[in-house]
Amino acid sequence: MTTAAIIVAAGRGLRAGGGVPKQWRPLAGRRVADWTIKRFCGQVDHVVLVLSEDDDDAWAEFQDSPLILTKGGRDRAGSVRNGLQVLDGMSVTNVLIHDVARPCVSSETIQQVLTALQEHPAAAPGLAVTDALWTVDGSVVTGTQDRAGLFAAQTPQGFHYDSIVAAHKTHPGGAADDVEVARAAGMDVAIVQGDADNIKITRPEDFARAERILGTDMDVRLGNGYDVHRFGDGDHVILCGVKVPHDRSLQGHSDADVGMHAVTDAIYGALAQGDIGQHFPPSDPQWKGAASEIFLRHAVELAGQMGYCISNIDCTLVCEFPKIGPHAPAMRAEMARIMGLHGDQVSVKATTSERLGFTGRSEGIASLATACLVKS
Ligand SMILES: Nc1ccn([C@@H]2O[C@H](COP(=O)(O)OP(=O)(O)OP(=O)(O)O)[C@@H](O)[C@H]2O)c(=O)n1
Ligand SMILES: C[C@](O)(CO)[C@H](O)COP(=O)(O)O
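Residues numbered from 1 in each chain as written. Chains lettered and ligands numbered in written order. Predicted model: local features only at pLDDT ≥ 70, side-chain atom pairs only at ≥ 80, totals over all residues. Heavy atoms only, no water.

Chemist: If you had to explain the packing of aromatic side chains to someone new, which residues and values would you point to?
Modeler: Each aromatic ring pair is specified by the distance between its two centres and by the angle formed by the two planes. Tallying each qualifying case throughout the model produces 4 aromatic pairs. Aromatic side chains Trp-24 and Phe-62 sit 6.4 Å apart centroid to centroid with 40° between the ring planes, which places their arrangement in the tilted category. Placement of the pair is Trp-24 in the loop between strand S1 (3-9) and strand S2 (26-27) and Phe-62 in helix H2 (residues 56-62), with a sequence separation of 38 residues. Among the residues examined, Phe-62 registers a relative accessible area of 8% and is labelled buried. Aromatic pair Phe-280 and Phe-295: ring centres 4.7 Å apart, planes at 45°, arrangement tilted. With Phe-280 in the loop between helix H9 (276-279) and helix H10 (293-305) and Phe-295 in helix H10, this pair connects stretches of sequence that are 15 residues apart. A residue is classified by how much of its surface remains accessible, and Phe-295, at 3% relative accessible area, is buried. Among the aromatic residues, ring-to-ring pairing joins Phe-280, Trp-287 and Phe-295 into one connected group. Taking NZ or CZ as reference, Arg-25 lies 4.0 Å from the ring centre of Phe-207, over its face. (Phe/Tyr/Trp six-rings, centres within 6.5 Å; stacked < 30°, edge-to-face > 60°. Helix = DSSP H or I, 4+ residues; strand = E, 2+ residues; numbered from the N terminus. Buried < 20%, exposed > 50% of the residue type's maximum accessible area, 1.4 Å probe, protein only. Lys NZ or Arg CZ within 6 Å of the ring centre and 35° of its normal.)

Chemist: Describe in detail helix H7 (residues 206-215), supporting the description with residues and values.
Modeler: Listed in full, the buried residues belonging to H7 are Asp-206, Phe-207, Ala-210, Ile-213 and Leu-214. Down the axis, H7 shows its buried residues gathered within 125° of arc, on one side only. (Arc of directions from axis to C-beta.)

Chemist: Report on the site of ligand 1, specifying residues and quantitative values.
Modeler: Surveying the vicinity of ligand 1 reveals 18 residues, the closest of which are Val-8, Leu-14, Lys-22, Ser-79 and Lys-200. Between an oxygen atom of ligand 1 and a main-chain N or O atom of Ala-10, the distance comes to 2.9 Å. Within the backbone of Leu-14, one N or O atom sits 2.7 Å away from an oxygen atom of ligand 1. In this structure the site holding ligand 1 corresponds to the largest pocket. Every element with two or more residues in the shell around ligand 1 is listed here: S1 and helix H3 (76-86). Split into classes, the residues belonging to the shell around ligand 1 amount to 6 nonpolar, 4 polar and 8 charged. (Near = heavy atom within 4 Å. Polar contact = N/O pair within 3.5 Å; in protein donor to acceptor, adjacent residues only side chain to side chain. 1 Å grid on protein atoms, 1.4 Å probe; cavity = no way out; pocket = protein on both sides within 12 Å on 5 of 7 lines; lining within 4 Å. Sits in = over half its atoms within 2 Å of the grid points. Nonpolar A, V, L, I, M, F, W, Y, C, P; charged D, E, K, R; others polar.)

Chemist: So what's going on with the nonpolar core? Which residues, and what values?
Modeler: Counting 46 residues, the largest nonpolar core has Ile-267, Met-335 and Met-339 as the members making the most contacts within it. Of all elements in the fold, only strand S14 (236-239), strand S15 (242-245), helix H8 (258-271), H10, strand S17 (308-318), helix H11 (328-339), strand S18 (346-351) and strand S19 (364-375) reach the threshold of two or more residues within this core. Take this core: its biggest share by element is 9 residues, from H8. Excluding its chain neighbours within four sequence positions, the residues that come into contact with Ile-267 are Leu-296, Ala-299, Val-300, Ala-303, Ile-310, Ile-313, Met-339, Ala-371 and Leu-373. (Core = buried A, V, L, I, M, F, W, Y, C linked by side-chain atoms within 4.5 Å. Contact = heavy atoms within 4.5 Å.)

Chemist: Tell me what's going on with the site of ligand 2, and back it up with residues and numbers.
Modeler: Neighbouring residues of ligand 2: Arg-15, Arg-76, Asp-99, Arg-102, Ala-153, Thr-155, Ala-176, Asp-177 and Lys-200. Here Arg-102 contributes a side-chain N or O atom positioned 2.9 Å from an oxygen atom of ligand 2. Bound to the protein, ligand 2 loses 71% of the 350 Å² it would expose on its own. With respect to the detected pockets, ligand 2 is housed in the largest pocket. Of the residues that constitute the shell around ligand 2, the class distribution is 2 nonpolar, 1 polar and 6 charged. (Areas by Shrake-Rupley, 256 points an atom, 1.4 Å probe, with all protein chains shown as cover.)

Structural data, given as structure tokens:
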């Protein structure tokens, strides 16, 4: 079975105002369209993005992405037809059609529609109407409409691909949605449970509502790091980027900055991207004596590329000597500088191990770190 999603994004969003089509306006740290696209990635085999011919920047931006791009029609149905057309010949069996203006759709809703398509030719989420419905003349209520059996329609609306293509070919136009097109062609449409959070951004006030919904859907990652370096001859150690005078030095392939290594590994850990040894193998001579700032910068850049911001770092050094306290403010400032963070986002503290174990015998220094990353 091959599945596809068509995200119709060629509308002008006139009711939402703002001077820019609503799908390109910011919402909770990214654009409306970015949220919507992300919701379908990994859920279906192909994602089609239907774009207005006027949205030059979007065409350029998504050109090299895995998305299939096609141009919009004069109305929503025209855009859907173009999306269906571009999937022709790709052996798609089931297709989901979704408004770009619904960025809060959940993976559960998407999966429920896909599952329902195993038994029905068409399926869509709907919410039973719970408010009383009035008829109104100007600003005066003229009556109450029976709400029994009424549902509010949502997207994604899912269909067997060949059937919805045929239904759109014979439909005269003017349909509110693809369910109407399908029903006009005699298809049975199953309702799956809709989601009150799956709102369509339509009017200006809907942005604040969507932000509130997305705000409760944060992606927070934690990672831990641990490192040890042994003492050898020397007259200083480098800890968290700061040169500290000492009667011994730490041994290592790089500058042996045990604190910065633990922090770097904590960031890689939060991203599930291995560890320093994987990115900078000790067998590679180019990293001999390297400043550990290179490793930390790489981890921070990787976090940015994967869409994460570092929220805070906590690093603990375990040693009897040198004493860390006097140098901790400089260590925090240096690591904050490298990571582009504020000083209060970086903690460096120390403990002895009560003269126990290798750190207690001053054979080396150990370090532990925790990193908290938040999807931006
Ligand atoms: N020619 C069109 C018109 C609409 N749409 C899309 O169809 C969905 C319908 O939602 P709606 O709120 O009606 O979007 P707009 O048409 O953009 O909004 P408005 O009517 O306020 O201008 C949106 O994802 C919109 O981008 C489309 O792809 N092509
Ligand atoms: C398809 C739809 O999202 C179902 O609720 C809706 O009909 C599309 O938006 P519009 O405001 O009716 O154009």
